[in-house]
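A look at the structure
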Amino acid sequence: FVAEGIQALREALTCQQGPAIETLYLSPSGAQRISDLDVTEVNVVEVSDEVMQAMTATVTPQGIVMVCSIPNNSLADIAVTPDSFFIYLDRIQDPGNAGTILRSADAFGARAIITSPQSVDMYSPKVVRSTAGSLWHIPVFESIELPKLLKELSNPECIVLSSHASESIVDFRATGPCVAIFGNEGAGTSSAELAVTARTVAIPMSGQAESLNLSAAASIVMFTLSRPSHG
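So, here is what we can say about the structure in this document.

Criteria and thresholds
- Within each chain, residues carry numbers counting from 1 in the order of the written sequence.
- Two thresholds apply to this predicted model, a pLDDT of at least 70 for residue-level local features and 80 or more for giving and counting side-chain atom pairs, whereas whole-chain, interface and lining totals are computed over all residues.
- Side-chain numbers come from the whole structure's heavy atoms, not from hydrogens or water.
- Between the N-to-C directions of two axes lies an angle of 0 to 180 degrees, each axis being a line fitted to C-alpha atoms and, for a helix, fitted only over the stretch in contact.
- We count a stretch as a helix when DSSP gives it H or I for four or more residues in a row; a strand needs E for two or more, and each element gets its number in order from the N terminus.
- Each angle receives one of four descriptions, namely roughly parallel if under 35 degrees, roughly antiparallel if over 145, roughly perpendicular if within 65 to 115, and oblique otherwise.
- Less than a right angle of anticlockwise turn of the near helix away from the far helix marks a crossing as left-handed, whereas a clockwise turn marks it as right-handed.
- Two residues form a contact once any of their heavy atoms are found within 4.5 Å.
- Gly counts as polar in this scheme, as do all residues outside two lists: the nonpolar Ala, Val, Leu, Ile, Met, Phe, Trp, Tyr, Cys and Pro, and the charged Asp, Glu, Lys and Arg.
- A simple rule labels every residue: compare its accessible area, found with a 1.4 Å probe on the protein chains alone, to the largest value its type can have, and call it buried under 20%, exposed over 50%, or partly exposed in between.
- Pairing between two strands is assigned when DSSP locates at least 2 bridges connecting them.

Attention shifts here to the packing of helix H4 (residues 95-108) against helix H8 (residues 214-226). Two elements in contact, H4 and H8, have axes whose closest approach is 9 Å; the angle formed by their N-to-C orientations is 15°. If you check the angle between H4 and H8, you find them roughly parallel. Note that H4 runs across H8; the crossing there is right-handed. Packed against H4, whose contacting residues are Asn97, Thr100, Ile101, Ser104, Ala105 and Phe108, the element H8 presents Leu214, Ser215, Ala218, Ser219, Met222, Phe223 and Ser226 at the interface. A class-by-class count of the residues in the contact of H4 with H8 yields seven nonpolar, six polar and no charged.

If you want it as structure tokens, here you go:
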């Protein structure tokens with residue numbers, strides 16, 4: 001997959017886990033930007049500004065483009081503790097939402113991001129850009145059916161966000177490992193659809209907005225799950 005910019009490069013160079021750099025492409029301006037970074041162990045290809053412009057999707061490229069390998073992560077390698085929580089994205093379509101959710105998951109200590117079949121490609125350029133480097137901090141698992149995930153994690157507790165739920169996320173306390181499920185931006189998700197047992201929780205809102213953006217709602221849920229009293 002392709003990653004752009006100095007922030008992604010810094011994470012790729014400093015993180016022991018996550019995607020590895022296969023090739024780093026630099027324009028003259030990009031080479032100047034990374035003068036403080038050690039790229040001696042990296043396969044570097046220098047290109048002209050015109051070639052860099054053609055390679056990138058951004059309007060004003062930084063002159064830094066990496067081709068990286070997608071890690072071969074294994075769920076079995078994740079250490080699950082009683083206060084672990086995971087994020088499951090069910091048919092999420094918007095790349096900006098997906099990347100922002102991954103960034104928040106990194107910030108609030110989620111153990112992994114897992115997507116269902118028919119979800120957005122987590123390694124597409126827009127998603128990668130939206131993660132702001134967090135893609136190197138948290139493992140991603142794509143196209144996994146939820147029942148299979150729950151079996152792999154030894155049947156953790158599940159919660160689904162719903163505006164109709166009577167239980168507030170503020171009052172929710174998991175009794176062990178937890179999977180927070182977020183559904184499609186338009187259609188949403190119900191536990192009946194997923195064929196799993198899940199508690200539905202709502203975010204209390206005192207203002208006039210009818211609903212929250214998916215990534216904003218997910219961030220609030222993750223912050224709540226990350227509190228020390230969780231578990």
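After that view of the structure, there is still more to cover.
So, on to the pairing of strand E8 (residues 157-161). Extensive coverage of E8 is indicated by the burial of four of its five residues. In this sheet, strand E10 (residues 178-182) lies alongside E8 in parallel orientation, the contact comprising four bridges. Directly across from Val160, in E10, lies its bridge partner Ile181. As defined by bridge partners, E8 adjoins strand E11 (residues 199-202) across three bridges and the pair is classed as parallel. Paired with Val160 across the strands is Thr200, a residue of E11.

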